[in-house]
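Breakdown of the fold
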Amino acid sequence: MRPEDESELAEVVRGASSPLRIRGGGTREVGRPISGAVVETGAISGITLYEPAALTLVARAGTPLAEVVEALAAEGQRLPFEPPDWRALLGTSGESTIGGVVAANASGPRRIMSGACRDSLIGVRFVDGTGAVIKNGGRVMKNVTGYDLVKLLAGSWGTLGVLTEVSFKVLPVPESAATLLLPGIGVAPAVTALAAAIGSPFEVSGAAWTEEGAQIRIEGFAASVAYRAERLQALLAPFGEVVVEAGRDASDTRWAGLRDVAGLAGRPGDIWRVSVKPSDAPALVARMGAEAVALDWAGGLVWALTEPGTDLRARLGGFAGHATLMRAAPETRARIAPFQPEPPAIAAIATALRARFDPRHILNPGLMD
Amino acid sequence: MEMPAPNPAILARKARIVERLRAVLPADAVIAEEAETRAYECDALSAYRCPPLAVVLPRSTAEVAAALKVCHAEGVPVVPRGSGTSLAGGVLPTADCVVLGVARMNRVIEVDYANRFIRVETGRTNLSVTGAVEEDGFFYAPDPSSQLACAIAGNVAMNSGGAHCLKYGVTTNNLMGVTLVTMEGEVLEIGGAHLDAGGLDLLGVICGSEGQLGVVTEATLRILRKPEGARPVLMGFASNEVAGECVSDIIKAGVLPVAIEFMDRPCIRATEDFAHAGYPDCEALLIVEVEGSEAEIDEQLGLILQIARKHDPVELRESRSEEEAKKIWLGRKSAFGAMGQIADYMCLDGTIPVSALPYVLKRIGEMSRDYGLEVGNVFHAGDGNMHPLILYNANDPEELAKCEAFGADILKLCVEVGGCLTGEHGVGIEKRDLMVVQYAPEDMEAQMRVKDVFDPGWLLNPAKVFPLALTAARRAA
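Predicted model, so just to flag it, every value in this text is computed and none were measured. (Residues numbered from 1 in each chain as written. Chains lettered and ligands numbered in written order. Predicted model: local features only at pLDDT ≥ 70, side-chain atom pairs only at ≥ 80, totals over all residues. Heavy atoms only, no water.)

Overview of the overall build of chain B
The cut-off we apply is this: Put simply, DSSP H or I for four residues or longer makes a helix, DSSP E for two residues or longer makes a strand, and each gets a number counted from the N terminus. With the radius of gyration taken over C-alpha atoms, the globule rule is written as 2.2 Å times the number of residues to the power 0.38. Think of it in three bands: with a 1.4 Å probe and only protein chains considered, a residue is buried below 20% of the maximum accessible area for its type, exposed above 50%, and partly exposed in between.
For chain B, the helix and strand inventory stands at 19 helices and 18 strands. For chain B, whose C-alpha radius of gyration is 23 Å, the value lies close to the compact-globule estimate of 23 Å for 477 residues. Overall, the C-alpha framework of chain B stretches about 70 × 55 × 40 Å when taken along its three principal axes. With 477 residues in all, chain B has 63% of them scored as buried.

Structure below.
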């Protein structure tokens with residue numbers, strides 16, 4: 001089913017008597033394998049409001065992410081949270097939608113400076129499991145009127161409602177950028193170096209590690225980038241060689257690769273995404289026994305490529321954070337919970353919320369269980 | 001302001017309830033004498049008062065849980081309270097409630113610079129969070145005007161903002177985790193030193209829920225390294241419209257100041273009489289602050305001044321020293337106090353799209369003449385969060401009613417142009433009945449479902465946020 005607009009979608013949900021699988025562009029096949037009729041949001045599309053001077057953009061949920069990115073770029077602006085393109089990593093194709101980005105709360109390297117997708121999201125409209133159309137938040141960046149369902153919907157993977165419209169606070173694209181590269185540095189010293197960089201006053205907007213080494217991004221006016229690059233180079237000198245790679249284009253290419261976890265894409269095995277306290281990352285990586293890892297968010301986000309069918313959580317033991325199985329065969333995702341099992345009291349709240357928003361259990365039922 | 005009638009059965013059981021609370025809390029943590037409970041009868045919306053049944057002041061999460069278990073068993077409403085600085089009546093008690101104050105819980109639990117967070121008990125004041133880390137060059141970004149007094153508990157409950165949110169966001173963007181005690185007395189850990197939720201983002205809906213979902217006793221907060229420096233510039237303009245256009249142009253140019261503050265003529269005049277900051281005689285002024293190294297500041301301010309000059313400013317004042325910078329901020333920081341010298345005032349908090357600024361200011365001026373009440377405007381222009389201050393005489397009930405009607409009209413205007421009722425103060429009791437202007441019944445129903453899950457008995461912070469008529473059935477159940 002591919003409803004043409006919000007009211008048609010509401011009718012579809014109201015009239016449904018069995019489970020629905022909600023689909024934006026189908027680029028993020030994450031979670032428990034579920035069955036049900038597919039409902040696509042792709043036809044509910046289009047940017048409905050864009051005010052560059054107010055740093056605000058509103059789009060219908062099925063709008064291609066690429067269309068949003070392009071409209072913003074034409075005015076020298078962008079989505080602050082740097083939405084990733086996981087198609088190559090997850091082995092999917094199709095057109096990523098802005099609603100899908102929100103449903104996954106998908107954020108890239110700039111999350112450490114500008115926050116996650118949920119932090120830029122200032123308003124939503126959605127259809128709940130009863131078919132009611134609900135709005136929350138709006139189009140202004142400061143809004144504490146009533147409960148914040150905007151955050152609750154972000155990252156709910158279509159289990160509380162089907163998004164129909166999303167509003168964002170956007171930001172100007174800085175004039176210039178540069179990357180500092182610490183070639184060949186290992187995970188443990190890299191995490192220490194990245195912590196030093198983001199704990200400095202020099203406004204780091206990316207802090208990642210791959211087999212190439214540690215990589216640190218700064219953005220801003222050209223003179224300011226040059227100044228901060230120099231200061232960071234001095235700050236990081238104790239960690240070894242520090243190479244400065246200047247220029248917007250080089251930075252865009254490099255950080256698109258880091259954002260999309262290109263280093264792990266196209267390789268056989270399962271893909272895990274682990275959110276941790278950054279300083280815990282080296283010890284956890286050692287325990288993972290992964291075939292390859294990539295770190296972002298100064299170590300706070302670990303991507304791991306593991307042998308198919310590995311239960312990574314069993315290897316990690318107890319840790320503060322959560323591990324999500326992002327790519328695996330359906331039978332693996334049926335056996336190992338793709339989303340981190342929660343303590344009983346928290347799980348009970350999540351279950352009760354879903355029962356309230358979707359009393360008939362028809363919206364992606366069981367996807368996050 | 002209408003409040004639900006107190007439950008006579010609870011009032012009649014006061015002695016027993018107090019005795020049960022004393023059985024689980026230290027002697028000095030339970031206040032039941034009317035002379036003493038009176039200190040908790042209101043918050044900063046002091047036109048409304050009601051002494052509670054009792055007050056408890058626990059010293060630990062375990063004591064909070066113990067108190068809540070008693071209240072839950074007795075079916076007694078609980079009003080969680082930080083420092084009581086709410087401007088929206090967010091902690092107004094009912095006669096049959098227990099006020100649960102977390103002010104005695106103010107310890108720093110952990111400071112972690114490598115992972116950039118601090119964990120505190122929520123009775124700690126906003127400013128003293130920064131106080132705990134500033135010697136090491138760090139700060140906590142959200143900075144509500146009341147930061148000297150307001151507690152993190154209240155900041156989390158109201159999702160507080162401040163002058164610097166244009167760059168750093170509000171409380172919810174700087175909150176990483178909480179310890180939440182439910183009405184049943186269950187202790188939940190949500191979030192922590194890692195980023196994002198593994199499942200549903202409960203932290204996101206707890207922040208800003210005005211103490212209606214649980215009592216937040218500890219919080220993990222993002223701390224940031226202080227910039228090398230910051231410097232403001234002051235600009236005066238011939239009209240509100242021109243100042244509004246200048247704000248738009250600055251934002252569009254790709255500079256992101258940490259703050260853009262706006263004051264109109266009535267406010268400028270009042271602060272001049274009060275604080276003598278040497279502000280120019282003009283219709284509107286902006287204070288724009290940027291951060292960075294000296295050279296970075298020079299570059300950004302250069303660009304901003306270039307934009308301002310295109311709008312024929314009547315004054316452009318740069319600060320060349322710490323002293324001059326302080327003087328630029330002096331008037332802005334004393335604006336509320338200055339207006340308070342003239343008369344009592346009601347401070348509103350609606351947010352509007354920045355593009356609607358000139359129109360909204362013009363309409364407020366017209367309404368001011370119609371109502372015969374003076375208004376001063378001082379607010380965060382970069383994010384459209386307005387603070388109209390309506391001057392009135394609090395001892396004149398008729399004028400209070402007129403002032404409230406005027407305030408409601410301004411907030412309706414904010415919603416009409418695409419904005420909202422409250423940007424950072426919260427709904428409380430003050431804007432409860434206006435929720436219908438912004439939200440349809442099903443929108444509020446969706447929010448109330450969340451409350452149903454966390455607090456099925458509807459005992460936490462009664463009569464706030466939602467119109468009473470909408471919640472009556474749930475409260476009675």
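Quick look at the nonpolar core
Short version of the rule: To define a nonpolar core, start from buried Ala, Val, Leu, Ile, Met, Phe, Trp, Tyr and Cys residues and group those joined through side-chain atoms within 4.5 Å. Contact definition: two residues touch when any of their heavy atoms are within 4.5 Å.
Counting residues in hydrophobic clusters, the biggest one holds 193 residues, and the most contacted among them are Phe168, Val274 and Trp303 of chain A together with Met235, Leu286 and Val450 of chain B. Filtering out sequence-adjacent residues up to four positions away, Trp303 of chain A remains in contact with Trp86, Leu89, Val261, Leu264, Ile271, Trp272, Arg273, Ala292, Val293, Ala294 and Met326 of chain A. Ranked by size, the runner-up nonpolar core spans 29 residues in total, among them Ala32, Val98, Val102 and Leu459 of chain B.

Observations regarding the packing of aromatic side chains
Any two aromatic rings considered together are summarised by their centre-to-centre distance and by the angle between their planes. Residues and elements named next belong to chain A. Heads up, the rule is: Stacked, edge-to-face and tilted are the three classes for Phe, Tyr and Trp ring pairs, Trp counted by its six-membered ring, which pair at centre distances within 6.5 Å; planes under 30 degrees apart are stacked, over 60 edge-to-face, the rest tilted.
Enumeration according to the criterion identifies 12 aromatic pairs over all chains in this entry. When the ring of Phe126 is compared with that of Phe357, the centres are 6.4 Å apart and the planes differ by 40°; the resulting orientation is tilted. Taken together, the residues span a long stretch of sequence, with Phe126 in strand E6 (residues 121-128) and Phe357 in helix H14 (residues 344-357) at a distance of 231 residues. Judged on exposure class, the residue Phe126 and its partner Phe357 are both buried. Between Trp157 and Phe339, the ring centres sit 5.6 Å apart and the planes meet at 70°, which makes this aromatic pair edge-to-face. You can see Trp157 sitting in the loop between helix H7 (149-153) and strand E8 (161-169) and its partner Phe339 sitting in the loop between helix H13 (330-335) and H14, a full 182 residues away along the chain. Since its relative accessible area comes to 12%, Trp157 is described here as buried.

Comments concerning the domain arrangement of chain A
Residues and elements named next belong to chain A. What counts here: Bear in mind that the domain bounds are from an automatic or database domain assignment. Throughout, buried area stands for the accessible area (probe radius 1.4 Å) lost by two parts on being put together, summed over both. Salt bridges, as used here, are contacts in which a Lys or Arg side-chain nitrogen is within 4 Å of a carboxyl oxygen on Asp or Glu. Polar contacts here mean pairs of N or O atoms no more than 3.5 Å apart (in protein, one a potential hydrogen donor and the other a potential acceptor; neighbouring residues in sequence count only if both atoms are side-chain atoms). Throughout this entry, Asp, Glu, Lys and Arg are counted as charged residues, while Ala, Val, Leu, Ile, Met, Phe, Trp, Tyr, Cys and Pro are counted as nonpolar. The remaining residues, Gly among them, count as polar.
Here chain A is described as being made up of domain 1 (6-172), domain 2 (176-259) and domain 3 (262-335). If you average the C-alpha positions of domain 2 and of domain 3, the two centres end up 24 Å apart. Counting from both sides, the interface comprises 10 residues of domain 2 and, opposite them, 13 residues of domain 3. Carbon and sulfur atoms make up 65% of the area that domain 2 and domain 3 hide from each other, which totals about 920 Å². It is Val187, Val191 and Trp209 that lose the most area in domain 2 upon contact with domain 3, and together they represent 46% of the buried surface on that side. Taken together, the connections running from domain 2 to domain 3 amount to zero salt bridges. At the junction of domain 2 with domain 3, the criterion picks out four residue pairs in polar contact (both at pLDDT 80 or more). Going through the elements one at a time, helix H8 (187-198) and strand E11 (204-210) are the ones with two or more residues in the side of domain 2 that touches domain 3. Residue composition of the side of domain 2 that touches domain 3, by class: eight nonpolar, one polar and one charged.

Describing the side chain of Thr164 of chain A
Mapped onto the elements, Thr164 of chain A comes out in strand E8. With residues near it in sequence (within four places) discarded, Thr164 of chain A still touches Glu6, Leu9, Ile44, Arg60, Ala61, Arg125, Phe126 and Val127 of chain A.

Digging into helix H9 (residues 222-236) of chain A
For the record, the criterion: For a helix, the expected span equals 1.5 Å multiplied by the number of residues minus one. To be clear, the arc concerns the directions from the helix axis to the C-beta atoms.
Taking 1.5 Å of rise per residue, 15 residues should cover 21 Å, and H9 of chain A covers 21 Å from first to last C-alpha, within 8% of that figure. Buried within H9 of chain A are the following residues: Ser224, Val225, Arg228, Ala229, Leu232 and Leu236 of chain A. Taken end-on, H9 of chain A shows its buried residues confined to a sector of 135°, consistent with a single buried face. For H9 of chain A, the exposed residues lying more than 90 degrees away from the buried face are Glu230 and Ala234 of chain A. Here the buried face of H9 of chain A lies against strand E10 (176-183), H8, E11, strand E12 (213-220) and strand E13 (243-246) of chain A together with helix H12 (294-309) of chain B.

Remarks on the packing of helix H18 (residues 441-454) of chain B against helix H19 (residues 468-476) of chain B
All names here are of chain B. Keep this limit in mind: Fitting a line to C-alpha atoms yields each axis, with helices limited to the stretch in contact; the angle taken between N-to-C directions then spans 0 to 180 degrees. An angle below 35 degrees is read as roughly parallel, one above 145 as roughly antiparallel, one from 65 to 115 as roughly perpendicular, and any other as oblique. Should the near helix be turned anticlockwise from the far one by less than a right angle, the crossing is termed left-handed; should it be turned clockwise, right-handed.
Where H18 contacts H19, the two axes come as close as 12 Å, and the packing angle between them is 30°. The orientation of H18 with respect to H19, classified from their angle, is roughly parallel. The crossing of H18 and H19 is right-handed. Across from Met444, Glu445, Met448, Arg449 and Asp452 in H18, the residues of H19 making contact are Leu470, Thr471 and Arg474.

Quick look at the sheet that holds strand E4 (residues 98-101) of chain B
Residues and elements named next belong to chain B. Inclusion rule: Pairing between strands is defined by DSSP: at least two bridges between the two strands are required.
Reading across the sheet, the four strands line up as E1-E2-E4-E3 and stay open at both edges, with mixed pairing between neighbours. Looking at strand neighbours, the two that pair on one side only are strand E1 (30-31) and strand E3 (78-81), the edges of this open sheet. Relative to E4, E3 runs parallel, the two sharing four bridges. Paired with Val78 across the bridge in E4 is Val98.

Focus on unusual backbone geometry
Look at Asn364 of chain A: it is not a glycine, yet its phi comes out positive at around 40°. On the secondary structure map, Asn364 of chain A appears in the segment after H14. Look at Asp196 of chain B: it is not a glycine, yet its phi comes out positive at around 70°. Following the sequence through the fold, Asp196 of chain B ends up in the loop between strand E9 (187-191) and helix H9 (202-206).

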